[in-house]
Each structure stands twice: as structure tokens, then as C-alpha cells.
Amino acid sequence: MHINFLLDSFQKNSNKNAIIWNEKVFKYEFLIQSYYFWSDELKKKSIESGNVVVIEGDFSPNAISLLLALINKNAIIVPITETVKSKKEEFIKISQAEVIIEINKEDRTKITHTNNKSDNILYSDLKSRNRPGLVLFSSGSTGKSKGSVHDITYLLNKFKIKRHSLKTITFLLYDHIGGFNTLFYILSNGGTVVTVQSRTPSNVLSLIEKYKVELLPTSPTFLNLILLHEEHKNYDLSSLKIITYGTEPMPK
């Protein structure tokens, strides 16, 4: 099982807060139960090893549990979020998605099978080795969007080394490698995922103050927005220990 090390960590931290979503707290014990529920549900819905599965949503409890169950199922996962919804059909076509799982803002799911057949040579390699995959798309700002295919087992290896347990804002989502890495860093170390429904400076900073967030992974643009409007002066951000940034160059 690819995520045994995660499940072991969840068990050890069963009484700790795993996810704060819509101001509701979900403990690691819930995450374990939800993972096993979705593992059974994938069987019932005839989602097989090697299937290419679009998962559309945010970092909700069901989305995270489903992601874990799909990884252990050796599915090839194509995450899509609200920010790229206009490109959804394009991404489904390029990725040859065979299953689409939509997760709405109430955390309810809808599962649909398509008529697509996945025959990409990179998928064939993953299937032959019984490995889960992750397909991430470029923005397509200079033309047609391009997808990169990753072997998830390689991405997960670095999270087997224990590091700091931090309460973290999930600013970047899992359709970006930074968001994927942030999620698994938090979960593997027994930290807390603090989700955001709106990525405005005022909303993010208010959540940092309210939940005593320690790590903020973000972008230079967002940091500049905070400074431009001096939003940081309106909130107690003393809990923050680390701010990381990516997705674009940082101005000097």
C-alpha cells in the first residue's frame, strides 16, 4: 500500500485536528474512517486500478479522503479546481479521463463514467508497474494547455521523513505541485490543514489570526497585495513561523 506510512501517522495522531473546513474541525480519526469508506465506494462504483480519474473540488474532507483512496487504488488522478473550471472540458479531453468525480461546496460528490479510453504511453507505463499517477496542467497562457504525468510514489517518498508538525493554510490547491506537496507535508507530519473558501488577503489573514496558523505557502503576488493594502496591520499574525512562496519569481 502506497500510503501505509500516512495511515500509521494518522493512527498515531488520531485525536489531533487534521482539517479545518468551513469552520468545522475534523480529526485524523475521521480521516482514517473516511479513507476506508471511499476505498469501499470506489469498488462499488467500478473505479479500477489504472483508471484516469478527474477529481474536481477544493481541499474539503471528502476531497482529501478520496485523493488518498485513489492513490492506493493506483488510479491516475487529474485534479481540477475552481480556478481552471473554464478549461475543464479541455483537460478532460487531453487527459482521456474515464471517470469524473465532482465535489461541490457542501462536500457532496457526483461520480460519472465517460466513454473515453486512456491509451497514452505514459499511462501504460504506470499501469504496468501498478503505480498511481498525477496529471498536472500548465496554464496554457502561451497556447494549448499541456499535461505532465507524475508517478505519485516518487512524489510521496520525501514525506516518509518526519519533519515539523505545523498548522498550515492551504493557499495553493492540488492542481499545482506546490499545493500537492503542501497537503502531504501537513498530513505526513500530523499537522492541521486550514482550508480557505476565499483567497482574498483579508480572509486569509483573518484565518491565520483565528486558528493561530504557523505556515503560509503562497505567491509573491499575494504577498504584494497584502503589503499594498497594508492588510497585515489589521490582524494578529504573531503565530506565523514560516512564509514560503512559489509559482512565480519574487521581485527584489
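Please refer to the structure placed before this passage.
The following paragraphs examine the structure supplied in this document. The structure displayed is predicted, hence computed values, not measured ones.

## Brief notes about the pattern of salt bridges
Then comes step 1: For the coordinates displayed, the defined rule picks out 10 salt bridges.
Then comes step 2: Between K87 and E90 there is a salt bridge whose closest N-O contact spans 3.8 Å.
Then comes step 3: K87 gets classed as partly exposed once you look at its relative accessible area, which sits at 22%.
Then comes step 4: Look at E90 and you get partly exposed, because its relative accessible area is 26%.
Then comes step 5: Put simply, D151 and R129 hold a salt bridge, and the shortest N to O gap is 3.1 Å. Of this pair, D151 sits in strand β8 (residues 147–151) while R129 is found in the loop between α5 (121–128) and β7 (133–137), placing the two residues 22 residues apart along the sequence.
Then comes step 6: Residue D151 is classed as buried on the basis of its relative accessible area of 9%.
Then comes step 7: Beyond isolated ion pairs, a larger network of salt bridges with shared partners links D125, R129, R131 and D151.

## Observations concerning the sheet that holds strand β5 (residues 99–103)
Then comes step 1: The strand order across the open sheet formed by 6 strands is β6-β5-β3-β4-β7-β8, and the pairing between neighbours is mixed. Unpaired on one side and paired on the other, β6 (109–113) and β8 mark the two borders of the sheet. The sheet shows a mean angle of 20° between the axes of neighbouring strands, taken without regard to direction.
Then comes step 2: Across the sheet, helix α4 (residues 88–95) lies against β3 (52–56), β4 (76–80), β5 and β7, angled at about 160° from β3, the strand it touches most.

## Some thoughts on the environment of S206
Then comes step 1: With respect to the helices and strands, S206 occurs in helix α8 (residues 201–211).
Then comes step 2: Classification of S206 as partly exposed rests on a relative accessible area of 24%.
Then comes step 3: Separated by 139 residues in the primary sequence, S206 and L67 have C-alpha atoms spaced 28 Å apart.

## Description of α5
Then comes step 1: Measuring from the side-chain oxygen of the N-cap residue of α5 to the backbone nitrogen of L122 gives 2.7 Å; that N-cap residue is N120.
Then comes step 2: N130 sits one or two positions beyond α5 and adopts a positive phi of about 50°.

## Considering helix α2 (residues 28–44)
Then comes step 1: The terminal C-alpha atoms of α2, which comprises 17 residues, lie 25 Å apart, in line with the 24 Å expected from a rise of 1.5 Å per residue.
Then comes step 2: Buried-residue contacts for α2 involve α1 (4–12), β1 (17–21), β2 (24–27), α3 (61–72), β6 and α7 (177–188).
Then comes step 3: Positive phi appears at S46, one or two residues downstream of α2, with a value of about 60°.

## Points about the packing of aromatic side chains
Then comes step 1: Here the structure, examined in full by the defined rule, presents 9 aromatic pairs.
Then comes step 2: With a centroid separation of 4.9 Å and an interplanar angle of 65°, the aromatic rings of Y35 and Y36 are classed as edge-to-face.
Then comes step 3: Note on Y35: relative accessible area 3%, which makes it buried.
Then comes step 4: The interplanar angle of 35° and the centroid separation of 6.4 Å between the aromatic rings of F159 and F184 together place this pair among those described as tilted. Here F159 is found in the loop between α6 (152–157) and β9 (167–169), whereas its partner F184 is found in helix α7, with 25 residues between them in sequence. Like F184, F159 is buried.
Then comes step 5: What links up through ring pairs into an aromatic cluster is the set F159, F180 and F184.

## Description of the packing of α8 against helix α9 (residues 220–229)
Then comes step 1: Close contact between α8 and α9 brings their axes to 10 Å; oriented N to C, the two are set at 90°. The orientation of α8 with respect to α9, classified from their angle, is roughly perpendicular. Between α8 and α9, the contacting residues are P201, V204 and L205 on the first element and F222, L225 and I226 on the second.
Then comes step 2: Taken together, the residues of the contact of α8 with α9 sort by class into 6 nonpolar, no polar and no charged.

Conventions and cut-offs
- Residues numbered from 1 in each chain as written.
- Predicted model: local features only at pLDDT ≥ 70, side-chain atom pairs only at ≥ 80, totals over all residues.
- Heavy atoms only, no water.
- Salt bridge = Lys/Arg side-chain N within 4 Å of Asp/Glu carboxyl O.
- Buried < 20%, exposed > 50% of the residue type's maximum accessible area, 1.4 Å probe, protein only.
- Helix = DSSP H or I, 4+ residues; strand = E, 2+ residues; numbered from the N terminus.
- Pairing = 2+ DSSP bridges.
- Axes fitted to C-alpha atoms, helices over the stretch in contact; angles between N-to-C directions.
- Contact = heavy atoms within 4.5 Å.
- Polar contact = N/O pair within 3.5 Å; in protein donor to acceptor, adjacent residues only side chain to side chain.
- Expected span 1.5 Å × (residues − 1).
- Phe/Tyr/Trp six-rings, centres within 6.5 Å; stacked < 30°, edge-to-face > 60°.
- Parallel < 35°, antiparallel > 145°, perpendicular 65-115°, else oblique.
- Nonpolar A, V, L, I, M, F, W, Y, C, P; charged D, E, K, R; others polar.

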